[in-house]
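These are the residues of each chain, in order.
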Amino acid sequence: MQEEKLLFSNCTIVNEELFFVETQHGLPAKINPGNGEVSYCGVMENFILKAGDSLYDIRTIGNRIYALEISGGNVICFDLENLRCQYIPLNCSYRRWGNFVGFEYYDSCIYIFPRYENKVCIMNVNTNEMAEIVGYFEGIEDLQCSCRVGDEVWLIPNAVNVIGCYNLSNGKIEVYKLNKKIENGIYAVYIKGSIYILNSFGIIYIWNIHDMELSETTVLETEHLNEKSMSRMVYAGNKLIILPSLAEDIKILDLLTGRAEVYHDYPEDFFYYDIEGWSKYYGLCEDDNFYYFAMRKENYLLKICKQDGRLLWVKPHIPAPGDRKKVQDPLRKIKLKRLFELGERFFLEAEADMEDFLEKVQQGEYVIEETNIGEGIFKKIKDME
């Protein structure tokens, strides 16, 4: 019997557990990163079930959780204490995914850096008011990635040989000329006075903040694929741990010796799910001791020890389907009721996550009598009041 999937693209720490919205059913849940115990959160007021959707980034701020919809449509505010959810409109729906490069918190405000428009979106978490600063980065049309260093956010533009430093305290940006273009930048981390920028094909650019010099290393470019091979990296124990996108291997670069190696010490039953086009690793969060990577395609939770760079694997203990349905079924009813109230009569089966739901729905008042092929389905969901 195939084990049940537990996949999620991003996570944040709440009371020593990882909070996430799981991919299969769109349900908010938590996992204990020590023992792998998974539990579903209760039914949240106003939460919109979006099966198969995911979040670009997610942060814990005070007693609330803030997330960016990957579609760029909203900032989602989760109130776990009162089981409420609020959607704050965000005008960043440029593409189906990949609409952002930065999501930072500073002085009661969230700063959102879109990828495809020259603006910064600023949301006050006390009032949920949203403001925009347009044209802050002169001459730039789109960005590749960003890196937070103290009160500054370093921004790497696309197709130009400059780098920008946005100051969160005063809203000003400094722009520095580079001796070459940074190409295919996918992720960046700060290490001892320098920003290490990972290229999606395994090249690492190094921007020295103090000397204002850019260099690069190609030591990881052992497999130059036409597809994007690398995805994320973290610094731990004087090592860079580089995680794959579509490539197969995790790679470890020792910054003291300059030697790179391929990681092999996986659990015996470890595997990646076959989901075409999805990066193996994407979202992550951290505490004082570990980095935690979201389970985007793998059947284990990966955590990396900051002190020595060890990779540790935690097997998730997924709740029984009955426990999931206690949350899932009420959310389905709420979602379908809302669709009918809005006058919707046609929607995808996956949108309501109805694969085994139709046989269990009772009769009610919602129905369209002049149906033909779909008449049987609508009769089963007429009680969505």
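What you see is a predicted model; the values in this text were computed from it and never measured.

## Structural notes on the overall build of the protein chain
- Of regular secondary structure, the protein chain possesses three helices and 28 strands.
- Counting every position in the protein chain, which comprises 385 residues, the buried fraction comes to 51%.
- Once local pairs closer than 6 in sequence are excluded, the contacts in the protein chain between residues at least 24 apart make up 44%.
- Surface summary for the protein chain: the accessible area is close to 18600 Å², and the carbon and sulfur share equals 45%.

## Thoughts on the packing of aromatic side chains
- Within the structure shown, the criterion is met by 24 aromatic pairs.
- An angle of 70° between the planes, with centres 6.3 Å apart, marks the rings of Tyr94 and Tyr116 as edge-to-face. Remark: Tyr116 occurs in the loop between β10 (109-114) and β11 (119-124) and Tyr94 occurs in the loop between β8 (84-89) and β9 (100-106); sequence separation between them is 22 residues.
- Looking at Tyr94, the relative accessible area reads 28%, which means it is partly exposed.
- Classification of Tyr116 by relative accessible area gives partly exposed; the value is 27%.
- An aromatic cluster of three or more residues is present, and its members are Tyr263, Tyr266, Phe270, Tyr272, Tyr281, Phe293, Tyr300 and Trp313.

## Remarks on the pairing of strand β27 (residues 301-305)
- Counting buried positions along β27 yields five of five residues, so the element is predominantly enclosed.
- Across the two faces of β27 the burial is the same, with Leu301, Lys303 and Cys305 and Leu302 and Ile304 all buried.
- For strand β26 (residues 290-293) and β27, the ladder comprises four bridges, and the chain directions are antiparallel. Bridge pairing links Tyr292 to Lys303 in β27.
- Connecting β27 to the antiparallel partner strand β28 (residues 311-314) that follows it, the hairpin turn spans five residues, and Gly309 within it adopts a positive phi of roughly 80°.

## Section: the environment of Leu83
- Examined against the element boundaries, Leu83 turns out to sit in the loop between β7 (74-79) and β8.
- Given a relative accessible area of 31%, Leu83 falls into the partly exposed group.
- Considered as a pair, Leu83 and Glu45 are 38 residues apart in the sequence and their alpha carbons are 6.2 Å apart.

## Overview of the sheet that holds strand β4 (residues 38-40)
- Pairing in this open sheet of four strands is antiparallel, and the strands run β1-β2-β3-β4 from one edge to the other. Every other strand in the sheet has two partners, leaving β1 (12-14) and β4 as the edge strands with one partner each. Ignoring strand direction, the axes of neighbouring strands in this sheet form an average angle of 35°.
- The sheet contact formed by β1 and strand β2 (residues 17-21) spans three bridges and is antiparallel. Directly across from Val14, in β2, lies its bridge partner Glu17.

## Focus on the pattern of salt bridges
- Applying the stated criterion to the full structure yields 13 salt bridges.
- Of the charged contacts in the structure, one is a salt bridge between Glu104 and Arg148, with a shortest N-O distance of 3.2 Å. Here Arg148 lies in strand β13 (residues 143-149) and Glu104 lies in strand β9, a separation of 44 residues in the sequence.
- Across the pair Asp269 and Lys315 runs a salt bridge whose closest N-O atoms are separated by 3.4 Å.

## Looking at the nonpolar core
- Phe8, Phe19, Phe20, Met44, Phe78 and Leu80 are the most contacted members of the largest nonpolar core, which has 36 residues in total.
- Sorting elements by how many residues they give to this core places β2 first, with four residues.
- If we skip the residues at most four places from it in the chain, Phe78 touches Phe19, Val21, Met44, Phe47, Arg64, Ile65, Ala67, Arg84 and Cys85.
- Core analysis: the next-biggest nonpolar cluster, separate from the first, contains 18 residues, Leu243, Ile250, Tyr263 and Trp313 among them.

## Some points on the environment of Tyr166
- Structurally, Tyr166 can be placed in strand β15 (residues 162-167).
- On the basis of relative accessibility, which here comes to 1%, the residue Tyr166 falls in the buried class.
- In the structure, Tyr166 is positioned 30 residues away from Tyr136 in sequence and 9.1 Å away in space, judged by C-alpha atoms.

## Re the confidence of the model for the protein chain
- Across the protein chain, the average pLDDT comes to 87, with 84% of residues at or above 70.
- In the predicted structure, residues 356-371 sits below a pLDDT of 50 and forms 38 contacts with residues beyond four places in sequence or in another chain.

## Quick look at the sheet that holds β28
- With antiparallel pairing, four strands are arranged side by side in an open sheet as β25-β26-β27-β28. Looking at which strands have only one partner, the edges of the open sheet turn out to be β25 (284-286) and β28. On average, each strand axis in the sheet is tilted by 25° relative to the strand beside it, whichever way the strands run.

## Observations concerning unusual backbone geometry
- The backbone of Ala159 shows a phi angle near 70°, a positive value even though the residue is not glycine.
- Relative to the helices and strands, Ala159 resides in the loop between β14 (152-157) and β15.
- Here Asn184, not a glycine, exhibits a phi torsion of approximately 60°, which is positive.
- Counting through the fold element by element, Asn184 comes out in the loop between β16 (173-177) and β17 (185-191).

## Some points on the pairing of β15
- Within β15, six of the six residues are buried, leaving the element largely enclosed by the surrounding structure.
- Note: β14 against β15, four bridges, orientation antiparallel. Across the sheet, residue Leu155 finds its bridge partner in β15, namely Gly164.
- Sheet topology note: the β15/β16 ladder contains five bridges and is antiparallel. Considered in β16, the bridge of Val162 is made with Lys177.
- Linking β15 to β16, which pair antiparallel, is a turn of five residues; within it Gly171 sits at a positive phi near 75°.

How each quantity is defined
Numbers given to residues run from 1 along each chain, matching the order in which its sequence is written. It should be noted that, the model being predicted, local features are given only for residues of pLDDT at least 70 and side-chain atom pairs only at 80 or more, the latter also being counted only at that level, while totals for whole chains, interfaces and linings use all residues. In computing side-chain properties, one takes all heavy atoms of the structure into account and sets aside hydrogens as well as water. Put simply, DSSP marks the helices as runs of H or I at least four residues long and the strands as runs of E at least two long, and each gets a number from the N terminus on. Burial classes: relative accessible area under 20% of the type maximum marks a residue as buried, over 50% as exposed, and values in between as partly exposed (1.4 Å probe, protein chains only). For this analysis, residues touch if any pair of their heavy atoms sits within 4.5 Å. To be clear on the numbers: accessible area is Shrake-Rupley with a 1.4 Å probe, and residue cover counts the displayed protein chains and nothing else. Working definition: a ring pair exists when centres of Phe, Tyr or Trp rings (six-membered ring for Trp) sit within 6.5 Å. Plane angles under 30 degrees give stacked, over 60 give edge-to-face, the rest tilted. At least two DSSP bridges between two strands are required for those strands to pair. In this analysis, axes come from line fits to C-alpha atoms, helices being fitted only over the stretch in contact, and the angle between any two N-to-C directions falls in the range 0 to 180 degrees. Just to be clear on terms, a salt bridge is a Lys or Arg side-chain nitrogen sitting within 4 Å of an Asp or Glu carboxyl oxygen. The nonpolar core is taken to be a set of buried Ala, Val, Leu, Ile, Met, Phe, Trp, Tyr and Cys residues, with the residues joined through side-chain atoms within 4.5 Å. pLDDT expresses, on a scale from 0 to 100, how confident the predictor is about each individual residue.

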